[in-house]
Amino acid sequence: MSTNAKTSEKTFKRNVSLTGKIKFTGIKLKDPIRTAAGLLGIKETLRHTFKEMGIVRSTRALLDMNQPDGFRCPSCAWPVPKETSKIAEYCENGAKALADEATIQHIGASFFATHSVEELSQLSDYELNKLGRITEPLVLRPGKLHYEPIAWQEAYELIAEELHKLKDPNEACFYTSGRSSNEAAFLYGIFARAFGTNNMPDCSNLCHESSGVALKNTLGIGKGSATVEDLHKAEVVLTVGHNPGTNHPRMLSAFSECKKNGGKIISINPLEESGLVKFKNPQKVSDMLGSGTAIADIHLPVKINGDMALMKLILKKLAALDKERAGNVFDHEFLKRYADGYTELMNDLANYDEADLLARTGILEEEIDKVVELLASKSKIVVCWAMGLTQHKNAVETIQEFVNLLLLKGAIGKPFTGTFPVRGHSNVQGDRSVGIMHFVNEEFNRRIKKHMGFDPPVEHGHNAINTIKSMYEGKSKVFLCLGGNFLMAAPDTEYTAEGIQNCALTVQVSTKLNRSHLVTGKTALLLPTYGRSEKDIKMGKTQFLTMESSTGKIRQSRGLLKPASGNIKSEPEIIASMAHAYFKGGHPVDWEAMANDYDLIRKYIDKTVKGFENTGERSKGFGYYLPNNSRESDFSMMPNAKAKLTVNRLSETNLKEGELLLTTFRSHDQFNTTIYGLDDRYRGVYNERRVVFMNEEDMLERNLKKMDVVNLHSEYGGKKRTAEQFLVVPYNIPKSNIGAYFPETNLLVPCDQYDPHSEQPMSKSIRITVEKIH
Ligand code: SF4
């Protein structure tokens, strides 16, 4: 799949591939491995790190990762527990992320002189990532096919010049990935505002925006309330739309601790993922010698997007039991004191037919009844969820239905209860806390004005979806990206690519090459930055940065490895230098000073971001928790000062004849858009990513056999989208459902189909057809 090559000067477009050359890599299928981690996990950890980093460098870095004075894992946002293992406070996937960033493979100007962007775009995402760290700033000039070196100052001047050319500051967009630090994200957000725009799309627009909106609507804060300690002692944990064995593996230690304390784990997911079947904790000799810990007590294989129907059915059954048991199932005292909307919710539930709800779930009623009985008798309940719940067209309302359960059970604001949206990237939550948002927070704006001396813009800006649309329509002309791989993370790959290519300038602050560096604006800058494990010394002083975990805890991160090159720079320095080049001293903020001393950035954070007072000091060691009203049962910011039970509509999937509902997910050798390897051992697929996981009955109906090659098509609003060439793999997935890897199938996700409350794209429920290729 290629964009068209056009030769005229004005309309020049590079003939770059959005997929790489499609080829099969030699698939092997085996039985899925049902026990997560264990010896195989240790073997894979060492294999990846030793191969990418060498033994000495790996050992030094691994011993430092997630330690109190060390650096934070560059992968997910799982918090470090109070009792840290001195040897291995990380998982296989954290180690893979470290190896990936601290690799000794490097590429610089000579590499790009011999490889054009068109040629490089023929590589797969896996092959691109394997090329190694970028070691110097590079520019792709208009009409050119090769990146060439550029001096840092010239790069900053070029950005400033393009920004000055814009007629309106809203013609620029400032994207942030969740890899960034609080300091860099804060500075970047302040630069965007000082420049004059709130166009700050970020990766949470693509993953957990719906969680933020649902939680804010109901509990007054867009973050989860439960901590790891709450998980340890909860009586029941619901883990929904979530594959922790691959995406946040250390969460399995918390689940096993919960099991040890007598808690029950309920897994709700279309696939029965290995991490939730069994886990062997590599830090425990007893686990390694024995058969490990069984994690999920009950697995409910819900149909894709059947979660709302399931929760309505559970609530309906609980309401009936509450009547039967003289009001001893719901926490009526809590409801009276803390929540609004009980009568409306009960009236609404009465309207639903249980048989219809059951049919929508695809689950056996006796399994649901076991869960109902368990929930009826317990009150220390935590609900965890991830993108299996957040990336649907009705995501906000579905999450709200799970909040209904917690409120009815009085399982909010007490020990061992609460909400736990499990965030993906390691600082995605922190970015938002320190000001990366496309909407206006008036209090934050007031503080910026008071402490930083300028008036921030007061109109809402673009989120990710609106940024894509705006670039496509030619309204956004400069696109800056602080990390990430926006093109591949976004929905509707072809549409997004066209938008990006319409830009006059695209700027990527990155560690390694990815497809977003090859599908670019007319001019493109590639500004290489430090990995989190690298030592950052400024004016003779080792700098540290801070991050926020999934549970809202702020901690320091201090790298120890020698940077990949002497010609790369830290994110705060790059941002401060861009701002300095743009304002040239004509601005109340002293940008230049902040490039060299992150304490100065933190001084501004202390004053402008609520809850971050004295953050440099308090983030030492095990850090500190940010204020969280729902953890304290404080709903004073809500109407009537109460949490809200909500009435949510049940949406229809409306599959047409022959259609299947596609969910996208990651393989075990992957983190977000970064592909570390081609295996997915927990699902039994090796050396291949172009696969679709199909129910055998669906295969039979379509006359498909294992390893047949198919094209996948989606059609929305009359527009047909195609993802080519996938191998059929029979799998235990509900009938009419089908699964495939992200980002290969993002091509099928329409940009204009999203949750209306959060504008979160619906990557987990795409109607598709499967066409056999001969
Ligand atoms: S659980 Fe997440 S944060 Fe912890 S080591 Fe693994 S990938 Fe890193």
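Above this note sits the structure.
Residues numbered from 1 in each chain as written. Predicted model: local features only at pLDDT ≥ 70, side-chain atom pairs only at ≥ 80, totals over all residues. Heavy atoms only, no water.

Scanning all chains against the criterion turns up 52 salt bridges. The salt bridge partner of Glu652 is Arg360, with a shortest N-O separation of 3.0 Å. Placement of Glu652 in the loop between β24 (643–644) and β25 (660–665) and of Arg360 in helix α17 (residues 354–361) is noted, with a sequence separation of 292 residues between them. As a salt-bridge pair, Glu397 and Arg649 come within 2.7 Å of each other at their nearest N and O atoms. Of the two residues, Glu397 sits in helix α20 (residues 395–408) while Arg649 sits in the loop between β24 and β25, which places them 252 residues apart along the sequence. Owing to a relative accessible area of 42%, Arg649 belongs among the partly exposed residues under this scheme. Via salt bridges that share partners, Glu183, Lys541, Asp597, Asp599 and Arg602 belong to a single interconnected network. (Salt bridge = Lys/Arg side-chain N within 4 Å of Asp/Glu carboxyl O. Helix = DSSP H or I, 4+ residues; strand = E, 2+ residues; numbered from the N terminus. Buried < 20%, exposed > 50% of the residue type's maximum accessible area, 1.4 Å probe, protein only.)

Here the focus is the packing of helix α14 (residues 307–324) against α20. For the pair α14 and α20, interaxial distance at closest approach is 9 Å and the crossing angle is 25°. In terms of axis orientation, α14 runs roughly parallel to α20. By crossing handedness, the relation of α14 to α20 is classed as left-handed. Facing α14, whose interface residues are Asp307, Met308, Met311, Lys312, Leu315 and Leu318, α20 presents Glu397, Thr398, Glu401, Phe402, Asn404, Leu405 and Leu408. Here the contact of α14 with α20 is composed, by residue class, of 7 nonpolar, 2 polar and 4 charged. (Axes fitted to C-alpha atoms, helices over the stretch in contact; angles between N-to-C directions. Parallel < 35°, antiparallel > 145°, perpendicular 65-115°, else oblique. Left-handed = near helix turned anticlockwise from the far one by under 90°. Contact = heavy atoms within 4.5 Å. Nonpolar A, V, L, I, M, F, W, Y, C, P; charged D, E, K, R; others polar.)

Turning our eyes to something else, we now look at unusual backbone geometry. Residue Pro743 is bonded to the preceding Phe742 through a cis peptide linkage, with omega at 5°. You can see Pro743 is positioned in the loop between β32 (737–741) and β33 (766–773). Although it is not a glycine, Asn672 adopts a positive phi angle of roughly 50°. Its place among the elements puts Asn672 in the loop between β26 (670–671) and β27 (674–675).

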